[in-house]
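One-letter residues, chain by chain:
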Amino acid sequence: MQQVYRFGPAPEQPARHLFVFLHASGADARSMIPAAFKYQGRFPSAALVLPSGFARYGKENERQQWFSTQGLTDDNRMARISAILPRIEQLVRREQTNHRVPRERTVLIGYSQGGTVALEAVKAMPQLAGAVVAYSARFAHLPKPGTRMDSRIHLVHGGYDSVVSRVYAERAARVLSGLHVPVTLDIIEDLGHALTHEAICRGSLRLLQGIYERRRATLH
């Protein structure tokens, strides 16, 4: 049974945003709690949802992953992600309904494998979320010309990431920009493959800036 942690917005406030946090392979939902609380410090009206991955990681019950990394290659990565996307959609839609938060104010925040799942989810389902913050992540397949993506994308990556090269984030930013998708890219030069306080703050700042820019554009 999938474990899900939920934290409501500040007392006596209705949820104005829904943040869904997707953890890395080999971790669990609890690993994203520090990041979730830092985000809520900047967005006190946000409801936080932290689900655990769909599959066990190795033989340890406490560690999960969204899709199996055993024998993972560039040839089979997309198929494995596509197989779980209906479950990701079901999870997000359920939380949107429970918290009465629309797509436009839903944000997927993922680290490593969780970030990849978030990116592929909004590529496959343009009406799922208003924004993605992806840390140390990559697309399984870069969006093709003509792909419709309605989400704002914020990429944060370590300059010395030896697990997922910064090259993936740089290529993604170029492709998304070419598709006229609102995108930001932050390379933290002295960072490896890690979700640090600086990275979390950078991603939450970009998200905040994107929300204000969207509001300003609506007013004009």
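Cut-offs used in this document
- Residues numbered from 1 in each chain as written.
- Predicted model: local features only at pLDDT ≥ 70, side-chain atom pairs only at ≥ 80, totals over all residues.
- Heavy atoms only, no water.
- Salt bridge = Lys/Arg side-chain N within 4 Å of Asp/Glu carboxyl O.
- Helix = DSSP H or I, 4+ residues; strand = E, 2+ residues; numbered from the N terminus.
- Buried < 20%, exposed > 50% of the residue type's maximum accessible area, 1.4 Å probe, protein only.
- Phe/Tyr/Trp six-rings, centres within 6.5 Å; stacked < 30°, edge-to-face > 60°.

Peer 1: Looking at this model, I keep getting lost on the pattern of salt bridges. Mind explaining?
Peer 2: For side chains of opposite charge, pairing can occur when their charged atoms come near one another. Under the definition given, this model contains 14 salt bridges. With a shortest N-O distance of 2.9 Å, glutamate 120 and lysine 123 are connected by a salt bridge. Placement of the pair is glutamate 120 and lysine 123 together in helix 3 (residues 113-124), with a separation of three residues, close to one helical turn. Lysine 123 carries the same exposure label as glutamate 120, and that label is buried. With a closest N to O distance of 2.7 Å, aspartate 186 and arginine 206 form a salt bridge. Here the residue aspartate 186 occupies a position in strand 9 (residues 183-188), and arginine 206 occupies one in helix 5 (residues 197-219), the gap between them amounting to 20 residues. Accessibility expressed as a relative area gives 24% for arginine 206, which makes it partly exposed. A single salt-bridge network, built from bridges that share partners, covers Asp186, Glu198, Arg202 and Arg206.

Peer 1: Explain the packing of aromatic side chains here, please?
Peer 2: Aromatic ring pairs are reported here in terms of the distance separating the ring centres and the angle at which the planes meet. Applying the stated criterion to the full structure yields five aromatic pairs. Taken together, a centroid distance of 4.9 Å and an interplanar angle of 80° make the contact between phenylalanine 7 and phenylalanine 37 edge-to-face. Here the residue phenylalanine 7 occupies a position in strand 1 (residues 4-7), and phenylalanine 37 occupies one in helix 1 (residues 33-42), the gap between them amounting to 30 residues. Accessibility expressed as a relative area gives 24% for phenylalanine 7, which makes it partly exposed. Their ring planes at 85° and their centres at 5.9 Å tell us that phenylalanine 19 and tyrosine 39 sit as a pair that is edge-to-face. Of the two residues, phenylalanine 19 sits in strand 2 (residues 17-22) while tyrosine 39 sits in helix 1, which places them 20 residues apart along the sequence. Assigned by exposure class, phenylalanine 19 and tyrosine 39 land together as buried. An aromatic cluster is defined as three or more aromatic residues linked by ring pairs; in this entry it consists of Phe19, Phe21, Tyr39 and Phe43.

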